[in-house]
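Results of the structural survey
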Amino acid sequence: QNKRVELVIRAIGSSDVLRARCRYHVVGRVTDQERERLKAVARAVSFQNLQITGEVSDQILRAEIEVADLFCCLRWPLFEGGSASTVEAMLSGRPVIVTDAGFYRDLPDDLVFKVDPQRELDTLTSQLTRLVLDPALRGAVGAQAGAWAKAAFSVDSYVAGLVPLLEEVARLRP
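No experiment lies behind these values; they were computed from the predicted model shown.

1. So, the pattern of salt bridges
The final tally for this structure, using the stated rule, is 11 salt bridges. We note a salt bridge from Glu88 to Arg62, for which the minimum N-O separation is 2.7 Å. On the criterion of sequence distance, the pair formed by Glu88 in helix 5 (residues 84-91) and Arg62 in helix 4 (residues 58-67) is long-range, its members being 26 residues apart. Since its relative accessible area comes to 39%, Arg62 is described here as partly exposed. Each of Glu6, Arg10, Glu34 and Arg37 takes part in a single network of salt bridges with overlapping partners.

As C-alpha cells, then:
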C-alpha cells in the first residue's frame, strides 16, 4: 500500500495528456484483491493502459527495466532506510520519480524528480507531465543519474564510508 500505485493511476487519469500517452506497468508481488482494486481505480479515472504483472523472474524484470521510459519509486508512509529499487532504477539510466522524504530526500535534486508528500497528486502529475513531454530531459537526467549512482552506490564508495565509521566506533569507550 505504501508504494503509491493508486496515486500514479490517479495522476495519469487526472490528465488528458498523460492518459493519452502513458502506459503504466506494475511489476511485483500483488494480491488478487489488490489487483482488482487497482483495475477498478483505473476504470474510474478512464485510464485504460494499466498492466499489472505480479512477480516475475529476474530475467523478465531485467527486460521490463530495459523497456521502461521512467520509474516511479514512491513510498508513503516511509518504512525503509534505503531503496534498492530506486538504486536499480537510477543505475538503469532512466529518470526516477521519488517521494521527497527520508532516503529519497537525500538524493541529488537534479538527478531525481521529487514529489511533495503533502501535495502528492499535484506534484506527481506535474513531474509525470514534464517527463512525458520532454524525452530529451528523460535521457539527459537518466544518464546523469546512472553515472552518479554507479559511483555513489559502488562497493568502493560503501567501504570508504564504512571504514572511518568503524574506526571511530573502535576508538569509543563505554
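Having seen the structure, we can now continue with the description.
2. A short note on the sheet that holds strand 3 (residues 71-73)
With respect to topology, three strands assemble into an open sheet ordered 3-4-5, the strand pairing being parallel. Where the open sheet ends on each side, the last strands, each with one partner, are strand 3 and strand 5 (113-115). Taken over all neighbouring pairs, the strand axes of this sheet differ in orientation by 25 degrees on average, direction set aside. Note that strand 3 and strand 4 (residues 96-99) share three bridges and pair parallel. In the sheet register, Cys73 faces strand 4, and the bridge partner there is Val98. Sitting on the sheet, helix 7 (residues 120-133) is in contact with strand 3, strand 4 and strand 5, with an inclination near 160 degrees to strand 5.

3. What to know about the nonpolar core
In terms of nonpolar packing, the biggest core is built from 28 residues, with Ile9, Ile12, Tyr24, Phe47, Leu50, Ile97 and Leu124 touching the most fellow members. Going through the elements one at a time, helix 1 (5-13), strand 1 (24-27), helix 3 (32-44), strand 2 (50-54), strand 5, helix 7 and helix 8 (135-152) are the ones with two or more residues in this core. With residues near it in sequence (within four places) discarded, Leu50 still touches Ile9, Tyr24, Val26, Leu38, Lys39 and Ala42.

4. Here's the deal with the packing of aromatic side chains
If you walk through the whole model with that rule in mind, you get three aromatic pairs. Between the aromatic rings of Phe103 and Phe153, the centroid separation amounts to 6.5 Å while the plane-to-plane angle is 45 degrees, which identifies the pairing as tilted. Residue Phe103 is found in helix 6 (residues 102-105), and its partner Phe153 is found in the loop between helix 8 and helix 9 (155-171); the two are separated by 50 residues along the sequence. Exposure remark for Phe103: the relative accessible area of 18% places this residue in the buried category. Assessed through its relative accessible area of 33%, Phe153 is described here as partly exposed.

5. A closer look at the pairing of strand 2
Side chains of strand 2 alternate between two faces, with Leu50, Ile52 and Gly54 buried and Gln51 and Thr53 left unburied. When strand 1 meets strand 2, the two strands line up parallel, connected through four bridges. Residue Val26 lies in a different strand from strand 2, and its bridge partner there is Ile52. Note on the crossover from strand 1 through helix 3 to strand 2: the handedness is right-handed.

6. Here we look at unusual backbone geometry
Note that the residue after Trp76, namely Pro77, is joined by a cis bond; omega there is -5 degrees. In this structure, Pro77 sits in the loop between strand 3 and helix 5. Unlike most non-glycine residues, Arg4 shows phi in positive territory, near 65 degrees. If you trace the backbone, Arg4 turns up in the segment before helix 1. With a phi close to 60 degrees, Ser46 is a non-glycine residue in the positive phi region.

7. With respect to helix 7
Residues spaced three or four apart along an α-helix face the same direction, because each turn holds 3.6 residues. The end-to-end C-alpha distance of helix 7, which contains 14 residues, comes to 20 Å, matching closely the 20 Å that a straight helix rising 1.5 Å per residue would cover. Every buried residue of helix 7 is listed here: Glu120, Thr123, Leu124, Thr125, Gln127, Leu128, Leu131 and Val132. Its buried side turned inward, helix 7 meets helix 1, helix 2 (16-21), strand 3, strand 4, strand 5 and helix 8.

Rules of the game
Residues numbered from 1 in each chain as written. Predicted model: local features only at pLDDT ≥ 70, side-chain atom pairs only at ≥ 80, totals over all residues. Heavy atoms only, no water. Salt bridge = Lys/Arg side-chain N within 4 Å of Asp/Glu carboxyl O. Helix = DSSP H or I, 4+ residues; strand = E, 2+ residues; numbered from the N terminus. Buried < 20%, exposed > 50% of the residue type's maximum accessible area, 1.4 Å probe, protein only. Pairing = 2+ DSSP bridges. Axes fitted to C-alpha atoms, helices over the stretch in contact; angles between N-to-C directions. Contact = heavy atoms within 4.5 Å. Core = buried A, V, L, I, M, F, W, Y, C linked by side-chain atoms within 4.5 Å. Phe/Tyr/Trp six-rings, centres within 6.5 Å; stacked < 30°, edge-to-face > 60°. Right-handed = clockwise from strand over helix to strand, strands pointing away. Expected span 1.5 Å × (residues − 1).

Interpretation note: all reported values are geometric properties and have no functional meaning in isolation.
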